[in-house]
Amino acid sequence: MRVSRYFLPVLKENPAEAQIVSHRYMLRAGMIKQQAAGIYSWLPLGLRVLNRIQQIVHEEQERAGHIPLLMPTLQPADLWRESGRYDDYGQEMLRIKDRQDREMLYGPTNEEMITDIFRSHVNSYKDLPLTLYHIQWKFRDEMRPRFGVMRGREFLMKDGYNFDVDKAAALHAYNRHMVSYLRTYERMGLTAIPMRADSGPIGGDDTHEFLVLAATGESEVFFDSAVTELKLGNREVDYDNREEVAAVCKEFTTLYARTDETHDAALFDAIPEDRRKVARGIEVGQIFYFGTKYSEAMGATVVTADGSKVPVEMGSHGIGVSRLLGAIIEASHDDKGIIWPEGVTPFPVGIVNLKQGDAAADAACEGLYKALAAKGLEALYDDRDERAGAKFATMDLIGLPWRITVGPRGLANGVVELTSRRSGESVEMTPEAAVARIAEIYAAI
Ligand code: ATP
Ligand code: MG
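Because the structure is predicted, anything quoted here is derived from the model rather than measured. (Residues numbered from 1 in each chain as written. Chains lettered and ligands numbered in written order. Predicted model: local features only at pLDDT ≥ 70, side-chain atom pairs only at ≥ 80, totals over all residues. Heavy atoms only, no water.)

Another aspect to go through is the site of ligand 1. If you check the shell around ligand 1, you find 14 residues, and the closest are E142, R151, G152, E283 and R323. In the environment of ligand 1, an oxygen atom lies 3.0 Å from a nitrogen or oxygen atom belonging to the side chain of R140. Here ligand 1 has 580 Å² of accessible area as a free molecule, and 83% of this is covered by the chains. Contributions of two or more residues to the shell around ligand 1 are made by β8 (154-164) and β13 (276-291). Tallied by class, the residues present in the shell around ligand 1 amount to 5 nonpolar, 4 polar and 5 charged. (Near = heavy atom within 4 Å. Polar contact = N/O pair within 3.5 Å; in protein donor to acceptor, adjacent residues only side chain to side chain. Areas by Shrake-Rupley, 256 points an atom, 1.4 Å probe, with all protein chains shown as cover. Helix = DSSP H or I, 4+ residues; strand = E, 2+ residues; numbered from the N terminus. Nonpolar A, V, L, I, M, F, W, Y, C, P; charged D, E, K, R; others polar.)

Here it is, written out as structure tokens:
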């Protein structure tokens, strides 16, 4: 993409309404525009990151054997009357009437609808296990929408639902979700700690929230600092192997890590003092096992191997897809702007032409742009007739992890400069070597 042809409405001034750094940088980098309280348009740069995050979520869900579908945003109220949640949900639910005076709502979550799909089509244990998920917009009429996409009213969520014949199988699905989430967040460059949490209005017994530590987080969290050292890395996990998946979960949930709702002072005090941490965190996901809460209320049953008919065992599992942009920026920025991890960056690399109009510099930039494209890497090429300082400031603000700087002086010696956004270090090399280096970095992502 060439900046001269792109839509990148960067702001010079700090927007007054933004209280936290991620919101400020998302507005300044031209990623989002607020349309109403807690409701945003996704401008091209923001959309690219949102799409990257969705792609990682899809890849990791499919790796775990979970199946995508797509349910609508609008739902009939009657479904929610079956579970009893239509009246319970309160003012967070946006209720709408259609022209026939039928009561509808903009879905805040999808347990009822997925249970309805299940009961319409599945009735045998032979069709289980089954986990269906989608990435879809949700609406919750939050009392205090704030911090940009972090607490929106309309927001994008991945929500998945498992259906299993018995509790042991459902707990395996729960564990599968935990492992797939750990991998998902790590690919986004995040450390998200599973913490034992409270189940709230979804209901149920077992639940963990995934928290990214950040001073601006809305949750108070208590943990053993050793938990922050745990990494899943590139290990291969066989998602069908119950023991193996359970062992990974055990590794990540044995050290003390809880939100304030489930905090236990006595257990916390047993942690060696230098590892006892109280901090703030951003909730980027949550998994629940709730058994037959919805299947009993809505008549979703399966016939088991011995011929008896039982309500299906379920759980639900969510990732805050749009909130993740805010969480990633809170975790990865400096005073010049965002620093995108390679896994989610809107463009893998930026090209800055120091002297637009100089024949050699223009040709070298074009050559780099095409050579990168040939390797499947779409660079953001700043081809505007602007001062170098302004181009650098924009690149730093929008946070591409790598920048190639091209100028007549370097070219006279056959070199361009490759700069890491994170470390600020620059290395001179030939254009070919720069392309090879970038390709090598992204091949490993
Ligand atoms: P919170 O406690 O932050 O209000 P929640 O526990 O009500 O969230 P869940 O029902 O667990 O939310 O939804 C799954 C995920 O969706 C959350 O972990 C969070 O990342 C995201 N999410 C929830 N509410 C919002 C919101 N208003 N704006 C953006 N993302 C949200
Ligand atoms: Mg939650």
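With respect to the helices and strands, R153 occurs in the loop between β7 (130-139) and β8. Looking at R153, its side chain comes within polar contact range of the main-chain oxygen of A37, at 2.7 Å. Contact partners of R153, with chain neighbours within four places excluded, come to A36, A37, G38, I39, K138, F139, R140, D141, E142 and P145. (Contact = heavy atoms within 4.5 Å.)

Around the magnesium ion (ligand 2), the protein contributes the donor atoms E283 (OE) and Q286 (OE1), which lie 1.9 to 2.2 Å from the metal centre. With a relative accessible area of 11%, Q286 lands in the buried category. (Donors = N, O, S within 2.8 Å, 3.2 Å for Na, K, Ca; no water. Buried < 20%, exposed > 50% of the residue type's maximum accessible area, 1.4 Å probe, protein only.)

We now examine the sheet that holds strand β5 (residues 94-97). Strand order in the open sheet made by the 3 strands is β4-β6-β5, with antiparallel pairing throughout. In the strand order of this sheet, the two ends are held by β4 (74-76) and β5, each with one partner. Across this sheet, the average inter-strand angle for adjacent strands is 35 degrees, counted without regard to direction. (Pairing = 2+ DSSP bridges. Axes fitted to C-alpha atoms, helices over the stretch in contact; angles between N-to-C directions.)

Glancing now at helix α1 (residues 21-28). Of all 8 residues that make up α1, 7 are buried, and the element is covered over most of its length. Looking at α1, one finds that the buried residues are V21, S22, H23, Y25, M26, L27 and R28. Elements in contact with the buried residues of α1: β1 (32-36), β2 (39-42), α10 (321-331), β17 (333-334), β18 (337-338) and α12 (388-398). The positive-phi residue at the C-terminal boundary of α1 is G30, with phi of around 65 degrees.

With that out of the way, let us pick up the sheet that holds strand β23 (residues 426-429). Here 5 strands make up an open sheet; going across it, the order is β20-β19-β21-β22-β23 and the pairing mixed. Either end of the sheet is taken by a strand with one partner, and the two such strands are β20 (380-382) and β23. Adjacent strand axes in the sheet meet at a mean angle of 20 degrees, parallel and antiparallel pairs treated alike. With 4 bridges joining them, strand β19 (residues 350-353) and strand β21 (residues 402-406) adopt parallel strand pairing. The residue of β21 that forms the bridge with N353 is V406. The strands touched by helix α11 (residues 359-374) within the sheet are β19, β20, β21 and β22 (416-420), with β19 carrying the most contacts at an inclination of about 170 degrees.

Another point: the pattern of salt bridges. Counted by the stated rule, this structure contains 26 salt bridges. Of the charged contacts in the structure, one is a salt bridge between R63 and E60, with a shortest N-O distance of 2.8 Å. Of the two residues, R63 and E60 are both situated in helix α2 (residues 44-63); the distance of 3 residues between them amounts to about one turn of the helix. Residue classification places R63 among the partly exposed positions, given a relative accessible area of 42%. With relative accessibility at 0%, the residue E60 sits in the buried group. Ionic pairing is found between R275 and D224, a salt bridge with its closest N-O pair at 2.7 Å. Here D224 lies in strand β11 (residues 219-224) and R275 lies in the loop between α8 (265-269) and β13, a separation of 51 residues in the sequence. What makes R275 partly exposed here is its relative accessible area of 30%. Residue classification places D224 among the buried positions, given a relative accessible area of 3%. Overlapping salt bridges, with partners in common, bring together E59, E60, R63, R183 and R187 in one network. (Salt bridge = Lys/Arg side-chain N within 4 Å of Asp/Glu carboxyl O.)

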